[in-house]
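Structural characterization, general
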Amino acid sequence: MKTNDRLDALLLLTQKLADCLERETALLGQHQVAALAELQREKSRLTLAYETEMKQLKENQVTLGKIEPARLQSLTAAAQHLQLCVARNERALRAAKAVNERVLTAMVDAIETGRGKPVGYTGRGAKPPAAPYRRAGTVSAVTIDQRL
């Protein structure tokens, strides 16, 4: 592949990857989790292709000094835009992760609170362990003392 063709491919990949990250960031902001799965596959595919093109270009550094100024300017602008998109996407992913962790913590706390507190003391004067969680409608074993 010629250097100009490779540079054009890199420019296109950079733009597509930036667009993909912008869409993912928007979906995260709108809490549209279901739509993220398909976008994740596209993001992975584009990232892999981008890395491959960058590796190929770095291996051919001899020809990189001969890049036309206009093409270099386009690539630089696209790379800067991609960096902004990556930073925004990272912030959105961190925020979504923090929200999910808070929700899970609240759920665990609610479950723990609903378990019930132990009452009384053991034969040695210690508090008994917490009662195990029981689902509504479960049957417990009962023994009846018939020696009356």
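Coordinates for the structure precede this section.
Residues numbered from 1 in each chain as written. Predicted model: local features only at pLDDT ≥ 70, side-chain atom pairs only at ≥ 80, totals over all residues. Heavy atoms only, no water.

Details of a nonpolar patch on the surface
Judged by side-chain polarity, Val99, Val103, Leu104 and Met107 come together as a nonpolar surface patch covering roughly 350 Å² of accessible area. Here Leu104 shows up in helix 4 (residues 69-114). (Patch = residues over 30% accessible without salt bridge, like charges linked within 9 Å, V, L, I, M, F, W, Y side chains within 5 Å. Areas by Shrake-Rupley, 256 points an atom, 1.4 Å probe, with all protein chains shown as cover. Salt bridge = Lys/Arg side-chain N within 4 Å of Asp/Glu carboxyl O. Helix = DSSP H or I, 4+ residues; strand = E, 2+ residues; numbered from the N terminus.)

Here we look at the nonpolar core
Counting residues in each nonpolar core, the largest one holds 21 residues, and the members touching the most others are Leu17 and Leu82. Those elements giving two or more residues to this core turn out to be helix 1 (3-29), helix 2 (33-59) and helix 4. Excluding anything up to four places from it in sequence, Leu17 contacts Lys43, Leu46, Thr47, Tyr50 and Leu82. (Core = buried A, V, L, I, M, F, W, Y, C linked by side-chain atoms within 4.5 Å. Buried < 20%, exposed > 50% of the residue type's maximum accessible area, 1.4 Å probe, protein only. Contact = heavy atoms within 4.5 Å.)

Things to note about the packing of helix 1 against helix 2
Closest axis-to-axis distance for the helix 1/helix 2 pair is 9 Å, and the angle between their directions is 150°. For the element pair helix 1 / helix 2, the angle class is roughly antiparallel. Relative to helix 2, the crossing made by helix 1 is left-handed. In terms of residue class, the contact of helix 1 with helix 2 is made up of 17 nonpolar, four polar and seven charged. (Axes fitted to C-alpha atoms, helices over the stretch in contact; angles between N-to-C directions. Parallel < 35°, antiparallel > 145°, perpendicular 65-115°, else oblique. Left-handed = near helix turned anticlockwise from the far one by under 90°. Nonpolar A, V, L, I, M, F, W, Y, C, P; charged D, E, K, R; others polar.)

Brief notes about the environment of Thr3
Its place among the elements puts Thr3 in helix 1. On the basis of relative accessibility, which here comes to 26%, the residue Thr3 falls in the partly exposed class. With 54 residues separating them in the primary sequence, Thr3 and Leu57 have C-alpha atoms 8.1 Å apart.

Observations regarding unusual backbone geometry
Although it is not a glycine, His31 sits at a positive phi angle of roughly 60°. Its location among the elements puts His31 in the loop between helix 1 and helix 2. Given the relative accessible area of 65%, His31 is considered exposed.

Some details on the pattern of salt bridges
For the coordinates displayed, the defined rule picks out nine salt bridges. Put simply, Arg41 and Glu38 hold a salt bridge, and the shortest N to O gap is 2.7 Å. Here Arg41 pairs with Glu38, and both are found in helix 2, just three residues apart, close to one helical turn. In this structure, the salt-bridge partner of Glu68 is Arg71, at a minimum N-O distance of 3.5 Å.

Describing helix 1
Under the 1.5 Å per step criterion, the end-to-end length of helix 1 is 39 Å for 27 residues, consistent within 8% with the ideal 39 Å. His31 sits one or two residues past helix 1 and shows a positive phi near 60°. (Expected span 1.5 Å × (residues − 1).)

Some details on the side chain of Asn89
Tracing the backbone shows Asn89 in helix 4. Using a relative accessible area of 4% as the deciding quantity, one classes Asn89 as buried. Within the local environment of Asn89, its side chain forms a polar contact with the side chain of Glu24, the two groups lying 2.7 Å apart. (Polar contact = N/O pair within 3.5 Å; in protein donor to acceptor, adjacent residues only side chain to side chain.)

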